[in-house]
Amino acid sequence: MNRRHRCGPRLWAAALVLLAAFALAAPQQAASAAEGPAVTLSRTQAGAGGSVTVKGSGWRPDALLMLLICGQSAPGKGVVGGTNSCVNADGRAVTTGADGTFGKKLPVAEPPVPCPCVVHVATVTGDKAQADAVIEVAGHPVKPIPAQAGGGKLSVLTDTRLDGSSGVLTWFGAPPARTFVFTVGNVGSAPVKDPVFQVGTSHGVFAPQWEDQQWRGTIPPGRKARIKLPVELSSGAHGNYLVSLKFGGKVLAEQPWGVGRPWGVTLFWILLCVVVPAAVFRIGMAVVDRVRPRRPGGAGRHRGALGLPDLASRLPRASRPRSSRRAPEPPGTTTTTALPWFTPDTDPGAPAGQLSAPSDNSPTTKGNT
């Protein structure tokens, strides 16, 4: 009983300490959740060619973010003109940690429009979230942010379509491209100037990849306009795609797009698999023919070919009478061998009318003796 009484106050004290810790942590977590994503910079002024370190907190864990330097922008007003006002070539991507924080070095470059400028951080996939931090780009011109008239609202009036066709290069794997054509009307009470549309392409079950595209022009209230926006897929893309149009955070239209398979690439690989082995075989045969040892006296002849003397020696000789055989000639005398296709009667080397060697009892021989 005494032990229980002694341990009781200690347990109560520990419980009170834990409750106080939770009570202090809860407001901090609520405040961070209420604040949402935040971005801070290592320095607020830098020149082109330098860099700044961007740090963020309060983001969704393991979220893919895009970091850009944009002009004509201010925190709370967004980026006027969409990503067309940003330095897209020098942007950086970063993935948040499990606690929703990140740190990334971002190169500083002059945006295509005048300042005020911001470092714009936005999610690439999943739930949309963004945050901006002010930055001064040294030497870059500064102009007031153009006024944005409110009250304008666009709506798609006609069916959308994709104009264009695939060429020969697309058949060999070039990026397929089309023109997204649609007609919108301003159903609001204020004109819409230079609206920024978001065009997204998706394949299968994947989410659309959105791209900001600005249309130059003004749509007065109650009027309509025909708009054409370019759409391009990646190299070698094929299958069923879906092109989506978004304005003001709302999807206005969707258009299916069936892309044929680039059979030229398949044909190229088939020809490559046939031509390369044939070329290797020909090169190998040429090497073997060069390094193969030659027979003595048979250079330049094909295997199995017989020379003229060998052919003449293998042909059967014509039978002659014993009396018509020539007498043995002394050494040093040149003899003419009749060709095998000439008979003794038609031998061009023999005298006319003489078919055999002269005998010993001829008149010429007797006169000489």
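Above this text is the structure in question.
If you're wondering where the values come from, they're calculated on a predicted model, not measured in any experiment. (Residues numbered from 1 in each chain as written. Predicted model: local features only at pLDDT ≥ 70, side-chain atom pairs only at ≥ 80, totals over all residues. Heavy atoms only, no water.)

(A) Spatial organisation of the sheet that holds strand β15 (residues 196-203). Pairing is antiparallel in the open sheet, where 4 strands are placed in the order β16-β15-β19-β20. Where the open sheet ends on each side, the last strands, each with one partner, are β16 (209-214) and β20 (250-259). Pairwise comparison of adjacent strand axes, ignoring direction, gives a mean angle of 25° for this sheet. Pairing of β15 with β16, which is carried by 6 bridges, proceeds in the antiparallel orientation. What sits directly across from Val199, in β16, is Glu211. (Pairing = 2+ DSSP bridges. Helix = DSSP H or I, 4+ residues; strand = E, 2+ residues; numbered from the N terminus. Axes fitted to C-alpha atoms, helices over the stretch in contact; angles between N-to-C directions.)

(B) Quick peek at the sheet that holds strand β7 (residues 92-95). Strand order in this open sheet of 5 strands is β2-β10-β9-β4-β7, and the pairing throughout is mixed. A strand with exactly one partner marks an edge of an open sheet, and here the two such strands are β2 (45-47) and β7. Along the sheet, successive strands turn relative to each other by an average axial angle of 35°, direction set aside. Sheet topology places strand β4 (residues 64-70) next to β7; 4 bridges connect them, and they run antiparallel. Paired with Leu67 across the two strands is Arg92, which belongs to β7.

(C) Highlighting the pattern of salt bridges. On inspection of all chains with the given rule, the structure shows 3 salt bridges. Note that Arg216 is salt-bridged to Asp194, the shortest N-O span being 3.9 Å. Residue Arg216 is found in the loop between β16 and β17 (218-219), and its partner Asp194 is found in the loop between β14 (192-193) and β15; the two are separated by 22 residues along the sequence. The exposure class assigned to Asp194 is partly exposed, which follows from its relative accessible area of 22%. (Salt bridge = Lys/Arg side-chain N within 4 Å of Asp/Glu carboxyl O. Buried < 20%, exposed > 50% of the residue type's maximum accessible area, 1.4 Å probe, protein only.)

(D) Highlighting the pairing of strand β10 (residues 130-138). Of the strand pairs in this sheet, β2 and β10 are connected by 3 bridges, and their pairing is parallel. Residue Gln45 lies in a different strand from β10, and its bridge partner there is Glu136. For strand β9 (residues 117-123) and β10, the ladder comprises 6 bridges, and the chain directions are antiparallel. Note on β10: the bridge partner recorded for Val121 is Ala131. If you look at the hairpin formed by β9 and β10, you'll find 6 residues sitting between the two strands, and Gly126 has a positive phi there, around 80°.

(E) Quick peek at a nonpolar patch on the surface. There is a patch of nonpolar side chains on the surface, built from Val168, Trp171, Phe172, Trp263, Leu267, Ile270, Leu271, Val274 and Val275 and spanning about 930 Å² of accessible area. Elements with a minimum of two residues in the nonpolar patch: α2 (168-171) and α3 (263-291). Here the nonpolar patch takes 6 residues from α3, the largest share from any one element. Mapped onto the fold, Leu271 is located in helix α3. (Patch = residues over 30% accessible without salt bridge, like charges linked within 9 Å, V, L, I, M, F, W, Y side chains within 5 Å. Areas by Shrake-Rupley, 256 points an atom, 1.4 Å probe, with all protein chains shown as cover.)

(F) Quick look at the side chain of Thr183. Looking at where Thr183 falls in the secondary structure, it is placed in strand β13 (residues 177-186). Polar side-chain contacts of Thr183 include one of 3.4 Å to the side chain of Thr158. Residues contacting Thr183, with those up to four places away along its chain left out, are Ser155, Val156, Leu157, Thr158, Lys224, Ala225 and Arg226. (Polar contact = N/O pair within 3.5 Å; in protein donor to acceptor, adjacent residues only side chain to side chain. Contact = heavy atoms within 4.5 Å.)

None of this, on its own, says anything about what the molecule does.
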